[in-house]
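As a plain string of letters, each chain reads:
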Amino acid sequence: LPARPRRAVVFNSIATEENFGEMARQACAHHGIHLDVLGYAMGAPVNRPDELLLQYDLVFARGRSALEAMASGAAVIVSDPRGMAGLVTSANYDVWRRLNFGARTLTRKVTVRALESEIAQFDGADALRVSDRVRAEAGMTNVVDAYEELYADLVREPAPADARAEREALASYLGWLSAQTTMPGTEEWSDLKARNEILELTVKMYRSQSRSNVDVPATTTRP
């Protein structure tokens with residue numbers, strides 16, 4: 001990474017110019033940084049983030065998108081239209097990683113000044129240290145190993161003595177999980193994703209028909 005970031009991207013499924021992009025754009029302009037805004041809400045979904053993110057020094061993202069950006073070597077400001085955490089550093093990595101750099105880390109209100117302050121803390125050397133940790137810890141092999149260990153532990157555990165407490169704990173978790181689907185922006189994101197999938201299927205259908213029209217010779221003459 002350069003000493004100061006030159007190119008940045010908002011990499012988020014619900015971010016638009018209106019709800020986040022313009023604030024990020026003003027903050028980046030203050031530091032002389034070019035900004036792109038990409039994702040479903042902008043009509044610009046990304047199929048190969050591993051290739052796209054290599055083009056940027058700084059990424060505004062959260063959750064898995066933030067992890068993808070860190071793995072690519074970019075500095076990451078955990079943020080989206082609902083709130084922000086800040087620039088991921090070696091100092092805060094462990095705490096935010098336990099929260100998956102997700103919605104629970106977005107405890108601050110997004111403002112132009114807050115974004116400007118986080119951008120000012122950009123440190124390419126530290127971003128590299130963060131990237132090395134993500135590559136070492138968040139790869140698929142490690143995740144599978146962790147799930148296998150968890151499964152083995154559960155198999156060895158005796159059946160719960162209090163079945164009612166077990167059911168109540170499960171009900172509490174399912175209630176929390178259900179609440180996540182009603183968070184601001186989730187419905188809009190799901191709608192955009194569904195519309196995009198329909199468009200992709202439509203394009204594939206037309207391409208298939210086009211190939212059929214070319215490959216199959218006409219058997220009748222037209223007037």
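Coordinates for the structure precede this section.
Q: Explanation requested: the layout of surface pockets in the structure shown.
A: A probe matching the size of a water molecule, rolled over the atoms, marks out where space remains unfilled. Computed from the structure, the second largest pocket encloses a volume of approximately 550 Å³. Lining the second largest pocket are 20 residues; nearest its centre among them are L67, A138, G139, M140 and V143. Among the secondary structure elements, those contributing two or more residues to the lining of the second largest pocket are helix 2 (49–52), helix 3 (63–72), helix 6 (124–137) and helix 7 (140–156). Partitioned by chemical class, the residues of the lining of the second largest pocket number ten nonpolar, four polar and six charged.

Q: What am I meant to see in the sheet that holds strand 4 (residues 75–80) here?
A: Paired through backbone hydrogen bonds, the strands of a sheet run either parallel or antiparallel to each other. The strand order across the open sheet formed by five strands is 2-1-3-4-5, and the pairing between neighbours is mixed. Each of the sheet's edge strands pairs with one partner strand only, and the pair in question is strand 2 (34–38) and strand 5 (83–87). Averaged over all adjacent pairs, the angle separating strand axes in this sheet is 20 degrees, with direction ignored. Helix 1 (residues 17–30) rests against strand 1 (7–11), strand 2, strand 3 (58–61) and strand 4 of the sheet, and its axis sits at about 165 degrees to strand 2.

Q: I tried to follow the pattern of salt bridges on my own but got confused; where do I start?
A: For side chains of opposite charge, pairing can occur when their charged atoms come near one another. Within this structure, the stated rule accounts for 13 salt bridges. Here D50 makes a salt bridge to R48, at a shortest N to O gap of 3.0 Å. According to the relative accessible area criterion, D50 is partly exposed, its value standing at 40%. It is possible to trace a salt-bridge network through shared partners that takes in R48, D50 and E51.

Q: Just to check I follow, could you spell out the environment of I14 for this structure?
A: Here I14 is to be found in the loop between strand 1 and helix 1. Looking at I14, the relative accessible area reads 12%, which means it is buried. Distance in space between the C-alpha atoms of I14 and L38 is 9.5 Å, their sequence separation being 24 residues.

Q: Looking at this structure, how should I read unusual backbone geometry?
A: Most peptide bonds take the trans configuration, and most residues that are not glycine carry a negative phi. A positive phi angle, near 60 degrees, is found at N100, a position not held by glycine. Under the relative-accessibility criterion, N100 is labelled partly exposed at 37%.

Q: Just checking my understanding: could you explain the pairing of strand 5 for this structure?
A: Two faces, one strand: in a regular strand the side chains alternate between the faces of the sheet. The element strand 5 is largely enclosed, with a buried count of five among its five residues. As defined by bridge partners, strand 4 adjoins strand 5 across four bridges and the pair is classed as antiparallel. Pairing of S79 across the sheet is with M84, part of strand 5. Taking the residues that link successive antiparallel strands as the turn, the strand 4-strand 5 hairpin has two residues.

Q: Explanation requested: the side chain of S79 in the structure shown.
A: Summarising the element assignment, S79 is placed in strand 4. Ignoring sequence-local partners within four residues, the contact set of S79 consists of N12, F20, F60, A61, R62, M84 and L106.

Q: Looking at this model, I keep getting lost on helix 3. Mind explaining?
A: What sets the pattern is the α-helix's 3.6 residues per turn: residues three or four places apart point alike. Taken together, the buried positions of helix 3 are occupied by G63, A66, L67, A69, M70 and S72. As for helix 3, its buried residues are in contact with strand 3, strand 4, helix 4 (93–98) and helix 6. Immediately beyond the C-terminal end of helix 3, within one or two residues, lies G73, with a positive phi of roughly 105 degrees.

Definitions and cut-offs
- Residues numbered from 1 in each chain as written.
- Predicted model: local features only at pLDDT ≥ 70, side-chain atom pairs only at ≥ 80, totals over all residues.
- Heavy atoms only, no water.
- 1 Å grid on protein atoms, 1.4 Å probe; cavity = no way out; pocket = protein on both sides within 12 Å on 5 of 7 lines; lining within 4 Å.
- Points joined across faces, edges and corners; volume = space filled by probe spheres on them.
- Helix = DSSP H or I, 4+ residues; strand = E, 2+ residues; numbered from the N terminus.
- Nonpolar A, V, L, I, M, F, W, Y, C, P; charged D, E, K, R; others polar.
- Pairing = 2+ DSSP bridges.
- Axes fitted to C-alpha atoms, helices over the stretch in contact; angles between N-to-C directions.
- Contact = heavy atoms within 4.5 Å.
- Salt bridge = Lys/Arg side-chain N within 4 Å of Asp/Glu carboxyl O.
- Buried < 20%, exposed > 50% of the residue type's maximum accessible area, 1.4 Å probe, protein only.

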